[in-house]
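Below, each chain spelled out in residue letters.
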Amino acid sequence: MQRTLSIIKPDAVKKGVVGKIVDRFETNGLRVVAIKRLLLSEYDAKTFYAVHKERPFFGELVEFMTSGPVVVMVLEGDNAVSKNRELMGATNPKEAKPGTIRADFADSIDANAVHGSDSLENAKNEISFFFSDREIF
């Protein structure tokens, strides 16, 4: 049993597809054990995505992630990290397999609907960034 972090990004929240995305997780064996909707501050976005701070897209990423509300959640299930990444699809929605979240709901490589932890270690760090232990059930 693993836990991973998922973020439904501003583009998908604005489209009103939060429920459809959550349903994808739940119907594929991932339980939502914590969830909240929030607006990231610039500080939050810069801190959370600090691993990308030297990359040319960092400023645009921060601007995008602070452009509207996001929904952050902790997903739990067998092989949750890899299952979440499989359900999300490729970062570039044009390369994502049909039926994946990004193929169905993302607009571009930048506005790609969702974020998911890429490893167990990162999942633990990302979860603790947004949630205290008492918020996870």
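Residues numbered from 1 in each chain as written. Predicted model: local features only at pLDDT ≥ 70, side-chain atom pairs only at ≥ 80, totals over all residues. Heavy atoms only, no water.

**A word on the UniProt feature "active site" (unreviewed entry) in the protein chain**
UniProt feature "active site" (unreviewed entry): in the numbering of this structure it lies at His-115. Examined against the element boundaries, His-115 turns out to sit in strand 4 (residues 114-116). Discounting residues that sit within four places of it in the chain, His-115 has contacts with Leu-5, Ser-6, Ile-7, Lys-9, Phe-48, Tyr-49, Met-88, Arg-102 and Glu-126. (UniProt positions renumbered as here; feature names shortened; annotations may be inferred. Helix = DSSP H or I, 4+ residues; strand = E, 2+ residues; numbered from the N terminus. Contact = heavy atoms within 4.5 Å.)

**Description of the UniProt feature "domain: Nucleoside diphosphate kinase-like" (unreviewed entry) in the protein chain**
Here, UniProt's "domain: Nucleoside diphosphate kinase-like" (unreviewed entry) annotation points to residues 1-137. Between the C-alpha atoms that bound residues 1-137 there is a distance of 14 Å. The span itself is 41% helix and 19% strand.

**A look at unusual backbone geometry**
A positive phi angle is found at Asn-79, which is not glycine, with a value near 50°. With respect to the helices, strands and loops of the structure, Asn-79 is situated in the loop between strand 3 (70-77) and helix 5 (80-88). Of note in the backbone geometry, Ala-113 takes a positive phi value of approximately 75° without being a glycine. Within the secondary structure, Ala-113 sits in the loop between helix 6 (101-105) and strand 4.

**Things to note about the sheet that holds strand 2 (residues 31-38)**
The antiparallel open sheet is built from four strands, whose spatial order is 2-3-1-4. Where the open sheet ends on each side, the last strands, each with one partner, are strand 2 and strand 4. In this sheet, adjacent strand axes meet at a mean angle of 20° when their direction is disregarded. Sheet topology places strand 1 (residues 2-8) next to strand 3; seven bridges connect them, and they run antiparallel. Looking at the pairing, Gln-2 lines up with Gly-77 of strand 3. Running at roughly 60° to strand 1, helix 7 (residues 120-130) makes contact with strand 1, strand 2, strand 3 and strand 4 of the sheet. (Pairing = 2+ DSSP bridges. Axes fitted to C-alpha atoms, helices over the stretch in contact; angles between N-to-C directions.)

**So, the packing of aromatic side chains**
Inspection of the entire model under this criterion finds four aromatic pairs. The interplanar angle of 50° and the centroid separation of 5.2 Å between the aromatic rings of Phe-48 and Phe-130 together place this pair among those described as tilted. Of the two residues, Phe-48 sits in helix 3 (residues 42-48) while Phe-130 sits in helix 7, which places them 82 residues apart along the sequence. There is no split in this pair, since Phe-48 and Phe-130 are both buried. Through successive ring pairs, a cluster of aromatic residues spans Phe-48, Tyr-49, Phe-129 and Phe-130. One Lys or Arg, Lys-36, reaches over the ring of Phe-131 and ends 4.7 Å from the middle of that ring. (Phe/Tyr/Trp six-rings, centres within 6.5 Å; stacked < 30°, edge-to-face > 60°. Buried < 20%, exposed > 50% of the residue type's maximum accessible area, 1.4 Å probe, protein only. Lys NZ or Arg CZ within 6 Å of the ring centre and 35° of its normal.)

**A word on the nonpolar core**
By size, the foremost hydrophobic cluster in this structure holds 21 residues, and its most contacted members are Ile-7, Met-65, Phe-130 and Phe-131. Contributions of two or more residues to this core are made by strand 1, strand 2, helix 3, helix 4 (58-65), strand 3 and helix 7. The element best represented in this core is helix 4, accounting for five residues. For Met-65, the residues in contact, after removing those within four places along its chain, are Ile-7, Lys-9, Pro-10, Leu-40, Ala-45, Tyr-49 and Val-70. One finds Ile-8, Leu-75, Ala-106 and Ala-113 within the second-largest nonpolar core, a separate group that totals 20 residues. (Core = buried A, V, L, I, M, F, W, Y, C linked by side-chain atoms within 4.5 Å.)

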